[in-house]
Amino acid sequence: MPEPLQQPFSFQTFCRILSEKGLISPDQAKEILRKQKAGPNPDDKPGNGNAGSSHPNPAQDPGLCIDTIAGLNLVRYDDPNRILDEELIYQVLAEKIGISFKKINPLKLDFNLVTSTIPRSFALKHRVLPIAVEDGCLIVATSDPFNLEAIEDISRATYLKVKTVLSPQSDILRLIGEFFGFKRSIAAAEHQFAGPSVDLGNLEQYVR
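This is a predicted model, so every value here is computed, not measured. (Residues numbered from 1 in each chain as written. Predicted model: local features only at pLDDT ≥ 70, side-chain atom pairs only at ≥ 80, totals over all residues. Heavy atoms only, no water.)

Engineer: I'd love a proper account of the overall build of the chain, names of residues and values included.
Structural biologist: Per the secondary structure count, the chain includes nine helices and three strands. Reading the chain from its N terminus to its C terminus gives the helix and strand order α-α-α-α-α-α-β-β-α-β-α-α. Classification of the 208 residues of the chain by burial places 42% in the buried group. The long-range fraction of contacts in the chain, counting pairs at least 24 apart against all pairs at least 6 apart in sequence, stands at 62%. For the chain, the computed accessible surface area is about 11,700 Å², with 52% contributed by carbon and sulfur atoms. (Helix = DSSP H or I, 4+ residues; strand = E, 2+ residues; numbered from the N terminus. Buried < 20%, exposed > 50% of the residue type's maximum accessible area, 1.4 Å probe, protein only. Contact = heavy atoms within 4.5 Å. Areas by Shrake-Rupley, 256 points an atom, 1.4 Å probe, with all protein chains shown as cover.)

Engineer: Before we move on, can you summarise the pairing of strand S3 (residues 161-166) with the specific residues and values?
Structural biologist: In terms of strand pairing, strand S2 (residues 137-142) meets S3 through six bridges, oriented parallel. Along S3, the bridge assignment pairs alanine 141 with valine 165. (Pairing = 2+ DSSP bridges.)

Engineer: Break down the packing of aromatic side chains for me, citing the residues and quoting the values.
Structural biologist: In this structure the tally under the stated criterion is three aromatic pairs. Judged by centre distance (5.9 Å) and plane angle (70°), the rings of phenylalanine 9 and phenylalanine 14 are edge-to-face. Judged by relative accessible area, phenylalanine 9 falls into the buried class, the value being 1%. Ring centres of phenylalanine 111 and phenylalanine 179 lie 6.1 Å apart, and the angle between their planes is 25°; on these two criteria the pair is classed as stacked. Of this pair, phenylalanine 111 sits in helix H5 (residues 111-116) while phenylalanine 179 sits in helix H8 (residues 169-193), and the two are 68 residues apart along the sequence. Here phenylalanine 179 falls in the buried class, since its relative accessible area comes to 12%. Through pairs of rings, three or more aromatic residues link up here, namely Phe9, Phe14 and Phe146. (Phe/Tyr/Trp six-rings, centres within 6.5 Å; stacked < 30°, edge-to-face > 60°.)

Engineer: Give me the lowdown on helix H3 (residues 62-71), citing residues and values where you can.
Structural biologist: Counting buried positions along H3 gives nine out of ten residues, so the element sits mostly inside the fold. Pro62, Gly63, Leu64, Cys65, Ile66, Asp67, Thr68, Ile69 and Ala70 are the residues of H3 that are buried. At the C-terminal side of H3, asparagine 73 shows a positive phi close to 50°.

Engineer: Quick one: what's the story with helix H4 (residues 86-97), residue by residue and with numbers?
Structural biologist: Between the first and last C-alpha of H4 there are 17 Å, a value that for twelve residues agrees with the 16 Å anticipated at 1.5 Å per step. Here H4 lies mainly inside the structure; nine of its twelve residues are buried. Of all the positions in H4, only Glu86, Leu88, Ile89, Tyr90, Val92, Leu93, Ala94, Lys96 and Ile97 are classed as buried. Within two residues after H4, glycine 98 carries a phi angle of roughly 75°, on the positive side. (Expected span 1.5 Å × (residues − 1).)

Engineer: So, the confidence of the model for the chain: which residues are in play, and what are the values?
Structural biologist: Of the residues in the chain, 75% reach a pLDDT of 70 or more, and the chain-wide mean stands at 84. S2 holds the highest mean pLDDT among the elements of the chain, 98, whereas helix H9 (residues 200-207) holds the lowest, 45. Scored below 50 in pLDDT, residues 45-52 shows 16 contacts in the model against residues more than four places distant or in partner chains. (pLDDT = per-residue confidence, 0-100.)

Engineer: Can you explain the side chain of threonine 68? Please cite residues and give values.
Structural biologist: Within the secondary structure layout, threonine 68 lies in helix H3. Those residues in contact with threonine 68 that lie beyond four places of it in its chain are Phe11 and Lys35.

Engineer: Give me the lowdown on the pairing of strand S1 (residues 128-134), citing residues and values where you can.
Structural biologist: Most of S1 is tucked away, with five of its seven residues classed as buried. By the bridge criterion, six bridges tie S1 to S2 in an arrangement that is antiparallel. From the neighbouring strand, proline 130 faces S2, where its bridge partner is valine 140. Where S1 hands over to S2, the hairpin turn is made up of two residues, of which aspartate 135 adopts a positive phi near 55°.

Engineer: Which residues make up the environment of isoleucine 139, and what are the values?
Structural biologist: Structurally, the position occupied by isoleucine 139 is in strand S2. On the basis of relative accessible area, isoleucine 139 is assigned to the buried category, the value being 8%. Sequence spacing of isoleucine 139 and threonine 164 is 25 residues, and the spatial spacing of their C-alpha atoms is 5.8 Å. Not counting chain neighbours up to four residues away, the residues in contact with isoleucine 139 comprise Leu129, Pro130, Ile131, Ala132, Glu134, Lys163 and Val165.

See below:
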């Protein structure tokens, strides 16, 4: 039964739904909650896919909860030969709240759509990534389906109806870095080669 989007998931909620799916044992649930009470690793920084969070209540940030759980490398209770990883936890969350799960294929993304729809800073802060336009609807991948304010902001800015899909946070952050990083490289190259002379060595290096 899908749970209401207006209710953010906590560590306790994740432990409950993972237990219901038979993915963790009672002892593993206790280990997750001990980790949550211990707090984030001081070496982890916001925005790198680890424990950092800009969420007003980090204990209810799905990305932080899943990062923490996946970082424990727990052996799956239902299959001791496999590890409880980030992707599986997002799939379970998607099923629980009734939203589509999407494993993003970067080769199928439109470069201009990804880098021109929203600013990099907004994408990083809210961990969102525009991935397609279908039937006049903008498809946005997110790791936090409860951040409805960010989705409304995107809809107002683009004048498009927005549909969200749930994707692993590490994938979203990696693709933001890669796509916007390449965009900066292109801009820098255009600026460099706009001058009266071109260093062919630099051009060859850029092409490589």
